[in-house]
Amino acid sequence: MQSYSFSDAEYDELRRLIENQVGIALSGGKRDLVYSRVSRRLRSRNLSSFAQYLSLLRSGDEEELSELVNAMTTNVTQFFRESHHFDYLNQKFFPEMVASKGSDKTIRIWSAGCSSGEEPYSIAIVLAEFLENHPGWKGEIWATDVDGAILRQAEDGIYAMDRLKSVSRERLRRFFLRGSGPNEGKARVGRTLRDLVSFQRVNLIESWPVRTAFDAIFCRNVIIYFDRGHKSQVVDGFADHLQPHGYLFLGHSESLHGLSERYQLIGQTIYRRR
Ligand SMILES: C[S@@+](CC[C@H](N)C(=O)[O-])C[C@H]1O[C@@H](n2cnc3c(N)ncnc32)[C@H](O)[C@@H]1O
């Protein structure tokens, strides 16, 4: 495989570009990762050096800029990841919605940084089960990510069976369709879940096309990659788009400690707008 020279100045320029585009902070320790992911872009564009690649980006090639962003995001996810959050929805959140929402019987949830869809579809499963038992109630899940390629996978909603290990047989039977032909051995998200989720490309460090106030926002394992300034900007922005006392669910190693005064910690990585 071809190798390329990669100077400190080139690394710094790429690092700054990625941070400005998506807020992802790359320390010196990420140099090998950047080299390996960006080398693939050089190969696919038939370029022979990082210098050529950077001048392509400097020329304002928007498509390549999106490809660079897609290459630099980390998309690891799984169904019912951090399962205590889904227990919380069932045990505390839904009963509280019923008790407090009055005549507005629509539950609105944002999955921000939804990756390939496992998170919003997991939320959709527990929401669908709630709606079945609560006639007159509706649900809307807005699932967004900056990575256009992963978002297309999320919309397709087709998963190999080993990615569905944490979904019970009963839920698989009720909410998924068995794949056939080229999708043999895979399962496809069924209509009930699809109808609950809408996908959109949104960069969390730019302005958000939001016209509603959410009852809960899931932003898990996303801000961990951001620099401090963008972390604060994003979580403070969420508070502006949450219902009073709305919920923010973060990833297992994320915390708002020292980042925002607008939330109260009420459970394991579960926050409430003050
Ligand atoms: C590790 S995945 C987390 C997926 C899911 N929330 C979970 O916890 O399983 C992080 C996701 O954040 C997305 N992301 C990174 N920077 C972003 C940004 N500036 N705006 C929106 N999404 C971003 C990535 O594309 C990636 O899909």
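Residues numbered from 1 in each chain as written. Predicted model: local features only at pLDDT ≥ 70, side-chain atom pairs only at ≥ 80, totals over all residues. Heavy atoms only, no water.

The name recorded for the protein in an unreviewed UniProt entry is Chemotaxis protein methyltransferase, from Natronospira proteinivora. Quoted straight from UniProt, the Catalytic activity (unreviewed entry) entry for the protein says "L-glutamyl-[protein] + S-adenosyl-L-methionine = [protein]-L-glutamate 5-O-methyl ester + S-adenosyl-L-homocysteine". Checking UniProt for the protein, the heading Function (unreviewed entry) contains the comment "Methylation of the membrane-bound methyl-accepting chemotaxis proteins (MCP) to form gamma-glutamyl methyl ester residues in MCP." (UniProt positions renumbered as here; feature names shortened; annotations may be inferred.)

### Topic: helix H7 (residues 148-156)
Residues of H7 that are buried: Gly148, Ile150, Leu151 and Ala154. Along H7, the residues classed as buried sweep out an arc of 155 degrees about the axis, all on the same side. Among the structural elements, helix H4 (62-72), helix H6 (118-132), strand S2 (138-145), strand S3 (158-160) and strand S6 (197-201) are those in contact with the buried residues of H7. Among the residues of H7, the N-terminal cap falls to Asp147, whose side-chain oxygen and the backbone nitrogen of Ala149 are separated by 3.0 Å. (Buried < 20%, exposed > 50% of the residue type's maximum accessible area, 1.4 Å probe, protein only. Helix = DSSP H or I, 4+ residues; strand = E, 2+ residues; numbered from the N terminus. Arc of directions from axis to C-beta. Contact = heavy atoms within 4.5 Å. Polar contact = N/O pair within 3.5 Å; in protein donor to acceptor, adjacent residues only side chain to side chain.)

### Some points on helix H3 (residues 50-58)
The complete set of buried residues in H3 reads Phe50, Tyr53, Leu54, Leu56 and Leu57. Looking straight down H3, one finds that the buried residues subtend no more than 155 degrees of arc, so they occupy a single side. For H3, the secondary structure elements touched by its buried residues are helix H1 (8-22), helix H2 (31-44) and H4.

### Some words on the pattern of salt bridges
Evaluation of the coordinates by the stated rule reveals 20 salt bridges. A salt bridge links Asp104 to Arg108; its shortest N-O distance comes to 3.2 Å. A salt bridge links Arg173 to Glu170, with the shortest nitrogen-to-oxygen separation between them at 3.0 Å. With Arg173 and Glu170 both in helix H8 (residues 169-175) and three residues apart, this pair spans about one turn of that helix. On the basis of relative accessibility, which here comes to 58%, the residue Arg173 falls in the exposed class. By sharing partners, the salt bridges in this structure join Arg41, Arg45, Asp61, Glu64 and Glu67 into a single network. (Salt bridge = Lys/Arg side-chain N within 4 Å of Asp/Glu carboxyl O.)

### What to know about the nonpolar core
Core analysis: the biggest nonpolar cluster contains 47 residues, and Leu14, Trp110, Leu204, Phe238 and Leu248 have the highest contact counts within it. The set of elements that each furnish at least two residues to this core consists of H1, H2, H3, H4, strand S1 (106-112), strand S7 (214-219), helix H10 (228-240) and strand S8 (242-250). Among the elements that make up this core, the one with the highest residue count is H3 (five residues). Setting aside its immediate chain neighbours within four residues, Leu248 contacts Ile217, Cys219, Val235, Phe238, Leu256, Tyr263, Thr269, Ile270 and Tyr271. Membership of the second largest hydrophobic core comes to 42 residues, among which are Tyr121, Leu151, Phe175 and Tyr247. (Core = buried A, V, L, I, M, F, W, Y, C linked by side-chain atoms within 4.5 Å.)

### Overview of the side chain of His85
Considering the arrangement of structural elements, one finds His85 in helix H5 (residues 84-100). Among the polar contacts made by the side chain of His85, one reaches the side chain of Arg220 at a distance of 3.0 Å. Among all residues touching His85, those that are not within four sequence positions of it are Phe218, Arg220, Phe249, Leu250, Gln268, Thr269 and Ile270.

### What about the site of the ligand?
In the vicinity of the ligand, 20 residues are found, and the nearest of them are Thr77, Arg81, Gly113, Asp145 and Asn221. Between the ligand and Asn203 there is a distance of 3.0 Å, counted from a nitrogen atom to a side-chain nitrogen or oxygen. Its free accessible area being 600 Å², the ligand has 99% of it covered by the protein chains. The residue inventory of the shell around the ligand, partitioned by class, reads seven nonpolar, eight polar and five charged. (Near = heavy atom within 4 Å. Areas by Shrake-Rupley, 256 points an atom, 1.4 Å probe, with all protein chains shown as cover. Nonpolar A, V, L, I, M, F, W, Y, C, P; charged D, E, K, R; others polar.)

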